[in-house]
Amino acid sequence: MASSDSPSVPEVSAEDAISEVSRGVTVVDVREQSEWDAGHIAGAQLVPLSELEERAVELPLATRLLIVCHSGMRSRRATTFLRSHGVDAVNVDGGMMAWAASGGAVSAVTTPANTDET
């Protein structure tokens, strides 16, 4: 939750985020690699919060960005950072938990099965 002395962070519901993604809006996932591997939004860009300051230049900063994490707290911090640099960033309220609960598609990284017969 935002404290009373912090600026308001714009948020979008998971349902609205699903609709925006279907129209081509970019999603930035600020979780860690292992969380991403377990399940992420197809087409999203992974930039962990710990790397955001250094890697922000990799993002399409001239377009609207939906920022997501597991539950919405890290993405709130990332949204605040990006907005302080003039980026149209919006936090996905409830993060991936809300995304999945709202019927948003989740892609997982799959690794080939071990075919070694020992």
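Everything numeric here is computed off the predicted structure, so don't read it as measured data.

### Comments concerning the overall build of the chain
Counting its regular elements, the chain contains 5 helices and 5 strands. Along the chain direction, N to C, the helices and strands of the chain fall in the order β-α-β-α-β-α-β-α-β-α. Across the 118 residues of the chain, 37% fall into the buried class. Expressed as a percentage of contacts within the chain between residues at least 6 apart in sequence, the contacts between residues at least 24 apart total 64%. Per element, the accessible surface of the chain, about 6,700 Å² overall, is 52% carbon and sulfur.

### What to know about the pairing of strand S2 (residues 26-29)
As judged from the 4 bridges shared by S2 and strand S4 (residues 65-68), these two strands associate in the parallel manner. Residue pairing across strands places valine 28 opposite isoleucine 67, the latter belonging to S4. The sheet contact formed by S2 and strand S3 (residues 45-46) spans 2 bridges and is parallel. Paired with valine 28 across the two strands is glutamine 45, which belongs to S3. Handedness of the S2-helix H2 (residues 33-38)-S3 crossover: right-handed.

### Some words on the sheet that holds S2
Strand order in the open sheet made by the 5 strands is S1-S5-S4-S2-S3, with parallel pairing throughout. Looking at which strands have only one partner, the edges of the open sheet turn out to be strand S1 (11-12) and S3. Packing of helix H4 (residues 73-84) onto the sheet brings it into contact with S1, S4 and strand S5 (89-92), and relative to S5 it is tilted by some 175°.

### A few points about H4
With 12 residues, H4 extends 17 Å from end C-alpha to end C-alpha; this agrees with the ideal 16 Å at 1.5 Å per step. Burial in H4 covers these residues: Ser75, Arg76, Ala78, Thr79 and Leu82. Viewed along the axis of H4, the buried residues span an arc of 165°, placing them on a single side of the element. Among the exposed residues of H4, those pointing more than 90 degrees away from its buried face are Arg77 and Ser84. Contacts made by the buried residues of H4 are with S1, helix H3 (52-55), S4 and S5.

### Section: the pattern of salt bridges
Summed over the entire model, instances satisfying the criterion amount to 8 salt bridges. With its nearest N and O atoms 2.8 Å apart, the salt bridge here joins arginine 31 to aspartate 29. Overall, arginine 31 belongs to the buried group, its relative accessible area being 4%. Between glutamate 58 and arginine 55 there is a salt bridge; the shortest N-O distance is 3.0 Å.

What counts, and where the lines are drawn
- Residues numbered from 1 in each chain as written.
- Predicted model: local features only at pLDDT ≥ 70, side-chain atom pairs only at ≥ 80, totals over all residues.
- Heavy atoms only, no water.
- Helix = DSSP H or I, 4+ residues; strand = E, 2+ residues; numbered from the N terminus.
- Buried < 20%, exposed > 50% of the residue type's maximum accessible area, 1.4 Å probe, protein only.
- Contact = heavy atoms within 4.5 Å.
- Areas by Shrake-Rupley, 256 points an atom, 1.4 Å probe, with all protein chains shown as cover.
- Pairing = 2+ DSSP bridges.
- Right-handed = clockwise from strand over helix to strand, strands pointing away.
- Axes fitted to C-alpha atoms, helices over the stretch in contact; angles between N-to-C directions.
- Expected span 1.5 Å × (residues − 1).
- Arc of directions from axis to C-beta.
- Salt bridge = Lys/Arg side-chain N within 4 Å of Asp/Glu carboxyl O.

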